[in-house]
Amino acid sequence: MPVTPEVAASGEWGPRRKMLLWLAPALLSQYVLDVLAVGPGLPALVLRVVWALCVALSALRMDEHSASSMRLHTTFQCVAGSLCFIGLVLVAGGSDGAYFHLFPCLPLILCLIYPQDTLPVMLSGALCSAGAGGMLWMAGRPMSQVLLWVGIVVTVTLVGAYGASEFRKAQRAENEGRLERARREALESLAISERRRAHSEKLATIGQLAASVMHEINNPVAFIGANLDYLEREVLAEPRRASREELAEVFRETRTGVERVRQIIGDLRGFSRMDTEEPTECAVADVVSDAVRIARLRLQHVARLEVDIPEDLPPVLAVRRRLAQVLLNLLVNAGDALEARGREGSEVRIIGVCEGARVVLRVEDNGPGFPPHVLPRLFETFFTTKGPEKGTGLGLALSRELVEQCGGSLVAENREEGGARLRLEFPVGGSVKVAS
Ligand code: ADP
């Protein structure tokens with residue numbers, strides 16, 4: 001069931017029906033007092049029965065989940081109760097009777113029974129003060145006495161209503177405190193389970209990565225081992241069988257294997273200690289210039305580099321060194337893609353824009369773009385089209401992992417006008433307010 005303000009407001013009323021169903025027989029049993037005050041009599045008994053029935057039937061009909069139903073029935077019970085009480089005062093002898101002095105008490109008692117609403121109590125106060133004043137006036141008492149009693153009933157009603165409103169405020173504050181505590185506890189447990197999820201995802205990623213690294217390094221290590229065995233045999237053999245050229249070739253091959261392993265380790269080292277650094281607010285222009293400074297060495301003979309980062313671009317939540325590493329990867333990839341084309345007309349651009357609560361960085365080039373069979377595999381670890389001497393296939397996979405750790409995303413697409421586009425999205429830094 002959706003929680004409407006009406007239903008939510010009814011929470012302040014609490015379970016009242018049970019209490020009112022107990023109140024009805026209690027009212028009826030007070031007929032004993034009437035007997036003591038005026039002796040047995042039908043009018044008092046009828047008034048007691050009517051009062052008890054009004055309370056009981058109204059209690060049975062009220063909907064405890066609806067604030068408006070509770071308000072309606074409370075008003076009915078207070079008004080009916082006040083009228084029955086005025087009747088009882090009259091039956092018991094009017095202004096000279098035993099019950100007359102109880103006029104100021106009724107609104108006060110109603111404040112205790114129904115502290116949730118002021119209007120019914122005020123209505124009861126108005127009826128009681130009119131009843132008290134009217135009886136004194138009809139008995140021919142001086143106007144000063146009439147006004148005195150009206151004043152007493154009105155004052156007592158107002159004091160009672162004030163007390164009830166303070167009670168309501170305290171109750172509301174307690175409810176809000178309880179809700180706030182529950183909300184904080186829910187958020188804390190959500191954060192704990194989120195941390196656990198991130199941790200297990202990280203372990204899964206590390207596991208996958210370790211498996212791929214093992215597979216990838218195994219191959220060169222296997223032929224390095226085989227080559228070393230061969231070299232040992234040939235160098236120690238008497239007389240020597242292999243020619244100098246053959247031995248030089250095996251050395252070259254072995255060095256290529258070592259170089260491949262070194263390359264993979266180098267790429268991994270660039271991304272190591274991922275979890276030791278917490279993301280902080282980074283000025284995008286600074287991060288971009290960190291990456292551009294190094295990338296220029298690679299790009300200067302290959303393409304023209306253009307940077308378009310607006311001055312008012314909000315900072316992003318990221319690890320500065322890691323984000324610069326990611327950008328450097330993307331720029332180097334763009335350089336590799338443009339290499340065959342020649343510097344003339346080749347362009348690489350970094351563009352920063354703010355889209356709502358996200359900062360978007362686009363790294364674009366006008367190279368060949370991603371072939372259709374390459375696009376779905378770009379972020380696979382060790383997927384490369386560059387050949388073993390140039391690429392490890394780790395750059396994009398690790399870049400995406402790193403960006404996602406900071407709550408961002410990295411996607412690749414082909415530009416309509418030709419060339420590749422890598423799109424990075426980051427949440428705007430925490431202390432920055434974003435105009436919506
Ligand atoms: P590596 O650069 O070692 O090959 P990456 O994960 O960085 O590994 O890149 C994977 C592949 O994505 C590259 O081999 C290349 O085929 C493709 N690629 C990446 N960037 C671009 C680009 N700007 N234009 C065309 N292809 C690209």
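Residues numbered from 1 in each chain as written. Predicted model: local features only at pLDDT ≥ 70, side-chain atom pairs only at ≥ 80, totals over all residues. Heavy atoms only, no water.

An unreviewed UniProt entry lists the protein under the name histidine kinase, with Archangium gephyra as the source organism. According to the UniProt record, the Catalytic activity (unreviewed entry) comment for the protein is "ATP + protein L-histidine = ADP + protein N-phospho-L-histidine." (UniProt positions renumbered as here; feature names shortened; annotations may be inferred.)

Asks: Can you lay out the pairing of strand β5 (residues 358–365) for me, pointing to particular residues and giving the numbers?
Replies: β5 sits mainly inside the fold: 6 of its 8 residues count as buried. Examined bridge by bridge, strand β4 (residues 347–355) and β5 share 8 bridges and lie antiparallel to one another. If you follow V348 over to β5, its bridge partner there is D365. Strand direction decides the pairing type here: β5 and strand β7 (residues 420–427), joined by 7 bridges, are antiparallel. (Buried < 20%, exposed > 50% of the residue type's maximum accessible area, 1.4 Å probe, protein only. Helix = DSSP H or I, 4+ residues; strand = E, 2+ residues; numbered from the N terminus. Pairing = 2+ DSSP bridges.)

Asks: Lay out the UniProt feature "transmembrane region" (unreviewed entry) in the protein in plain terms, naming residues and giving numbers.
Replies: Taken from the UniProt record, the annotation "transmembrane region" (unreviewed entry) applies to residues 45–62, 74–92, 121–140 and 146–164. The span residues 121–140 carries 90% helix and 0% strand; its end-to-end C-alpha distance comes to 29 Å. Taken end to end, residues 146–164 has its terminal C-alpha atoms 27 Å apart, with 100% of it in helix and 0% in strand.

Asks: Hey, could you go over the environment of V89 for me, with residue numbers and the actual values?
Replies: On the secondary structure map, V89 appears in helix α5 (residues 67–91). A C-alpha to C-alpha distance of 9.2 Å links V89 and G131, two positions 42 residues apart in sequence. If sequence neighbours within four positions are ignored, V89 has contacts with G94, Y99, F100, F103 and M135. (Contact = heavy atoms within 4.5 Å.)

Asks: Describe the site of the ligand, and please don't skip the residues or the numbers.
Replies: Every one of the 18 residues lining the ligand counts as a neighbour, but T384, T385, K386, G393 and L396 are closest to it. Measuring from an oxygen atom of the ligand, one finds a side-chain N or O atom of N333 at 2.8 Å. Between an oxygen atom of the ligand and a side-chain N or O atom of T385, the distance comes to 2.5 Å. Among the detected pockets, the ligand sits in the largest pocket. Going through the elements one at a time, α11 (320–338) and α12 (395–405) are the ones with two or more residues in the shell around the ligand. If one sorts the elements of the shell around the ligand by residue count, α11 sits on top with 3 residues. Tallied by class, the residues present in the shell around the ligand amount to 8 nonpolar, 8 polar and 2 charged. (Near = heavy atom within 4 Å. Polar contact = N/O pair within 3.5 Å; in protein donor to acceptor, adjacent residues only side chain to side chain. 1 Å grid on protein atoms, 1.4 Å probe; cavity = no way out; pocket = protein on both sides within 12 Å on 5 of 7 lines; lining within 4 Å. Sits in = over half its atoms within 2 Å of the grid points. Nonpolar A, V, L, I, M, F, W, Y, C, P; charged D, E, K, R; others polar.)

Asks: Give me the environment of Y230: which residues, what numbers.
Replies: Topologically, Y230 is positioned in helix α8 (residues 143–236). Judged by relative accessible area, which is 24%, Y230 ranks as partly exposed. Sequence separation of Y230 and L247 is 17 residues, and the distance between their C-alpha atoms is 9.3 Å. Aside from chain neighbours lying at most four places away, what touches Y230 is A242, L247 and V250.

Asks: For the sheet that holds β4, give the residues involved together with the corresponding values.
Replies: The 5 strands are arranged β2-β4-β5-β7-β6 in an open sheet whose pairing can be described as mixed. Looking at which strands have only one partner, the edges of the open sheet turn out to be β2 (304–308) and β6 (409–414). The mean inter-strand angle of the sheet, taken between neighbouring strand axes irrespective of direction, is 15°. The sheet strands contacting helix α10 (residues 284–299) are β2, β4 and β5, and the helix crosses β2 at an angle near 180°. The sheet strands contacting α11 are β2, β4, β5, β6 and β7, and the helix crosses β5 at an angle near 25°. (Axes fitted to C-alpha atoms, helices over the stretch in contact; angles between N-to-C directions.)

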